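Residue strings, one per chain:
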Amino acid sequence: MELALKVVALVVATFGTAALSAIAGFGGGVLLLPVFVAVLGPRDAVAVLTVAQLAGNGSRVWFNRHEVDRRLVGVFAVGAVPAAAAGALLFATAPLPALTRAIGVFLLVMVAWRRWKPQAARLDDTAFAALGAASGFGSALVGSVGPMVAPFFLSHGLLKGAYIGTEAAAAVVMHLTKLVVFGAAAVLTASSAVVGLALAPAATAGAWVGKKTVDRLSAPVFVLVVEVGLIVSGLLLTVTG
């Protein structure tokens, strides 16, 4: 019975957070990680989360494939790939809760900054590649940094499907890099890979439901949903680490 409850908890949490991510473009990993840690333990949690997020983000890319800004994803990947690999190697020995709290504070500052200077978060290609590096490194350590990059993708004028698909494509690049390193460092075991793959249908279904929901939102409401999500994620990360 206890095993069955754990399975139900993982499936329901994966579906719900995948739907949330498909609506806001982020937040699923932040909310899903505590559930995975409680059920699987911290080391396996990040590995399984990476597999599940790869399925969820991959689905979001597919559902919004015609709106993805491929050039922006490429710029992001220049920094994200090597940094995600370095962060994954570091994670194999030392996860860093302090980084999680720092990201939380950063998110709260970014929401205020976006409201104060809406164009200030727009970065040129060099700075965006640097953002990719910071995101790739942080993602490998804390499992998900989707909320951290949201303001910068929004600042490029991406809305709804374009924003959701482009941010998800950038996340796929990071997750694939992390999985390669996790596998080489024996962090991703056969059992954790199986668990992650078993959750893929729930992640895909959640992404589909989220896509159908976001199509019905107006642009102002969509931005408001994203910013509320940033505030909630920032507070959660700052308090819990």
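Definitions and cut-offs
Residues numbered from 1 in each chain as written. Predicted model: local features only at pLDDT ≥ 70, side-chain atom pairs only at ≥ 80, totals over all residues. Heavy atoms only, no water. Helix = DSSP H or I, 4+ residues; strand = E, 2+ residues; numbered from the N terminus. Buried < 20%, exposed > 50% of the residue type's maximum accessible area, 1.4 Å probe, protein only. Contact = heavy atoms within 4.5 Å. Areas by Shrake-Rupley, 256 points an atom, 1.4 Å probe, with all protein chains shown as cover. Core = buried A, V, L, I, M, F, W, Y, C linked by side-chain atoms within 4.5 Å. Phe/Tyr/Trp six-rings, centres within 6.5 Å; stacked < 30°, edge-to-face > 60°. Axes fitted to C-alpha atoms, helices over the stretch in contact; angles between N-to-C directions. Parallel < 35°, antiparallel > 145°, perpendicular 65-115°, else oblique. Left-handed = near helix turned anticlockwise from the far one by under 90°. Nonpolar A, V, L, I, M, F, W, Y, C, P; charged D, E, K, R; others polar. pLDDT = per-residue confidence, 0-100. Expected span 1.5 Å × (residues − 1).

To continue, consider the overall build of the chain. The helix and strand inventory of the chain stands at eleven helices and zero strands. Sequence-ordered secondary structure for the chain, helices as α and strands as β, is α-α-α-α-α-α-α-α-α-α-α. For the chain, with 241 residues in total, the buried portion stands at 51%. Sequence separation of 24 or more characterises 85% of the internal contacts of the chain that already satisfy a separation of 6 or more. Within the structure as shown, the chain displays about 10,200 Å² of accessible surface, and the carbon and sulfur contribution to it stands at 74%.

Looking now at the nonpolar core. Among the nonpolar cores identified, the biggest contains 20 residues, and Phe 76, Phe 128, Leu 131, Val 149, Phe 153, Leu 158 and Tyr 163 are the most heavily contacted of them. Top contributing element to this core by residue count: helix α7 (residues 146-154), with six residues.

On to the packing of aromatic side chains, then. Evaluation of the coordinates by the stated rule reveals three aromatic pairs. With a centroid separation of 5.7 Å and an interplanar angle of 45°, the aromatic rings of Phe 76 and Phe 153 are classed as tilted. Of this pair, Phe 76 sits in helix α4 (residues 70-91) while Phe 153 sits in helix α7, and the two are 77 residues apart along the sequence. For the pair Phe 76 and Phe 153, a shared accessibility class is recorded, and that class is buried. Relative to Phe 153, the ring of Phe 128 lies with its centre 5.3 Å away and its plane at 85°, an arrangement referred to as edge-to-face. Remark: Phe 153 occurs in helix α7 and Phe 128 occurs in helix α6 (residues 125-142); sequence separation between them is 25 residues.

What follows is about the packing of α4 against helix α8 (residues 160-184). In helix packing, the relevant descriptors are the interaxial angle and the interaxial distance, both defined with respect to the helix axes. α8 packs onto α4 with a crossing angle of 30° between their chain directions and a minimal axis gap of 8 Å. Judged by the inter-axis angle, α4 sits roughly parallel to α8. You can see that α4 and α8 cross each other, and the crossing is right-handed. Note on element contacts: α8 touches α4 through Thr 166, Ala 169, Ala 170, Val 173, Met 174, Thr 177, Lys 178, Val 181 and Phe 182, opposite Leu 72, Val 73, Phe 76, Ala 77, Ala 80, Val 81, Ala 84, Ala 85, Ala 88, Leu 89 and Phe 91. Taken together, the residues of the contact of α4 with α8 sort by class into 17 nonpolar, two polar and one charged.

Checked against the element boundaries, His 156 lands in the loop between α7 and α8. Contact partners of His 156, with chain neighbours within four places excluded, come to Leu 72, Arg 122, Leu 123 and Phe 128.

With respect to the helices and strands, the residue Arg 71 is situated in helix α4. Between the C-alpha atoms of Arg 71 and Asp 125, which are 54 residues apart in sequence, the distance is 9.9 Å.

Summary statistics for the chain give a mean pLDDT of 78 and a share of 76% for residues scoring 70 or more. Within the chain, the lowest mean pLDDT, 66, falls on helix α5 (residues 97-116), and the highest, 88, falls on α4.

Structural remark: α-helix, 3.6 residues per turn; residues separated by three or four positions point the same way. Compared with an ideal rise of 1.5 Å per residue, which puts 25 residues at 36 Å, α8 spans 36 Å between its outermost C-alpha atoms and is within 8% of the ideal. The buried count for α8 comes to 19 of 25 residues, which makes it a mostly enclosed element.

Note on placement: Gly 234 falls in helix α11 (residues 219-240). Given the relative accessible area of 0%, Gly 234 is considered buried. Along the sequence, Gly 234 and Val 105 sit 129 residues apart, while their C-alpha atoms lie 6.1 Å from each other.

To continue, consider the environment of Lys 178. Relative to the elements of secondary structure, Lys 178 occurs in helix α8. Owing to a relative accessible area of 0%, Lys 178 belongs among the buried residues under this scheme. Separated by 90 residues in the primary sequence, Lys 178 and Ala 88 place their C-alpha atoms 5.7 Å from one another.

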